[in-house]
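# Survey of secondary and tertiary structure
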Amino acid sequence: MPIDAAKALAAEPRHGEIGWDHKDIQLYHLGLGAGRPATDPDELRYTLESKLHVLPSFATVAGAGMAMMGGLAAPGIEINLANVLHGGQSIELHRPIPVKGSATSTARVAALYDKGKAAVVVLRTEVADADGPLWTSDAQIFVRGEGGFGGERGPSVKEELPERAPDRVEERHIREEQALLYRLSGDWNPLHADPEFAKTAGFDRPILHGLCSYGMTLKAVVDTALGGDVSRVRAYRTRFAGIVFPGETLRIRMWQEPGRVLVSVSAVERDDAPVLADTVVEHA
């Protein structure tokens, strides 16, 4: 059987050493569209090494980024990567991410859910340095055609948005070359660069990485609702609800509540087609 839930959940965690410095941080931020305008003091916090702070979503690419997919090679999981979709992502920050660091990454399959015609694999990565835990990251991986193994269906997490108008609406344009720049942070999937490969996947042109939209959205929330203070972010989660293409514009709606910001993200040029849903930024 392609998925043996008991074997996957019982497998020993995988440990690895990761490291990063200001160049990795700056490249990641530029891949999210930071640096416009280039001399804006608020943008220099993302691009200039002497003023640098770290957007917490950097956790999704730290140490080369694609360890997530390596988790799909865990014992008990034998699947065709062509059937894999990134269904959701969450991070919990234990303290601010330093501009330069080295840490130990511990990855394991934290949960497996049987959705009938599909399976959901939750890959958990815990990262700690010499001073203690830094962050915990969960990637929810949706695998088409791999359900029916007799597991639990799993929780259904849905965030109901307030009926009132959003407190803030921001728009963030995606540059034509942005996916080409973002992929240098570690996600080399040709779906985001090669037009011929994109066509075989059912798209008329390459699409933007979901985690790029994820990072762009957090940057918009930090820069507006959180006063530019990355250290206020405690946790951030989303569900990937649809695609967006380079050259399009993200419309980011925010509803501020005590201790958190609820967010929805859509593609402006395609009649507000959903991009991110069930999105929450928890903050101090």
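Structure report, in brief. (Residues numbered from 1 in each chain as written. Predicted model: local features only at pLDDT ≥ 70, side-chain atom pairs only at ≥ 80, totals over all residues. Heavy atoms only, no water.)

### Let's talk about the environment of isoleucine 3
Mapped onto the fold, isoleucine 3 is located in the segment before helix H1 (5–10). In this structure, the C-alpha to C-alpha distance between isoleucine 3 and valine 233, residues 230 residues apart in sequence, is 35 Å. For isoleucine 3, the contacting residues outside a window of four places in its chain are Gly76, Ile79, Leu112, Ala119, Glu146 and Phe149. (Helix = DSSP H or I, 4+ residues; strand = E, 2+ residues; numbered from the N terminus. Contact = heavy atoms within 4.5 Å.)

### So, helix H7 (residues 210–224)
In this model, H7 (15 residues) spans 22 Å end to end at C-alpha, consistent with the 21 Å of a helix rising 1.5 Å per residue. Of all the 15 residues making up H7, 13 are buried; the element is thus mostly covered by neighbouring parts of the structure. (Expected span 1.5 Å × (residues − 1). Buried < 20%, exposed > 50% of the residue type's maximum accessible area, 1.4 Å probe, protein only.)

### Quick look at the nonpolar core
Membership of the largest hydrophobic core comes to 50 residues, with the highest contact counts inside it found for Trp20, Phe58 and Trp135. Here this core gets eight residues from one element, more than from any other, and that element is H7. Those residues within four positions of tryptophan 135 in sequence are excluded, and the remaining contacts are Ile18, Trp20, Ala59, Ala62, Glu92, Leu93, His94, Ile97, Thr125, Glu126 and Val127. (Core = buried A, V, L, I, M, F, W, Y, C linked by side-chain atoms within 4.5 Å.)

### A look at the packing of aromatic side chains
The full count for this structure, using the stated rule, is six aromatic pairs. Ring centres of tryptophan 20 and phenylalanine 58 lie 6.2 Å apart, and the angle between their planes is 65°; on these two criteria the pair is classed as edge-to-face. Of this pair, tryptophan 20 sits in strand E1 (residues 14–20) while phenylalanine 58 sits in the loop between helix H3 (41–47) and helix H4 (67–70); the two residues are 38 residues apart in sequence, bridging distant segments of the chain. A centroid spacing of 6.1 Å and a plane angle of 55° characterise the contact between tyrosine 28 and tyrosine 182, whose relative ring orientation is tilted. With tyrosine 28 in helix H2 (residues 22–31) and tyrosine 182 in helix H5 (residues 178–182), the pair connects residues that are 154 residues apart, well separated along the chain. For tyrosine 28, a relative accessible area of 0% translates into the label buried. A relative accessible area of 2% places tyrosine 182 in the buried class. (Phe/Tyr/Trp six-rings, centres within 6.5 Å; stacked < 30°, edge-to-face > 60°.)

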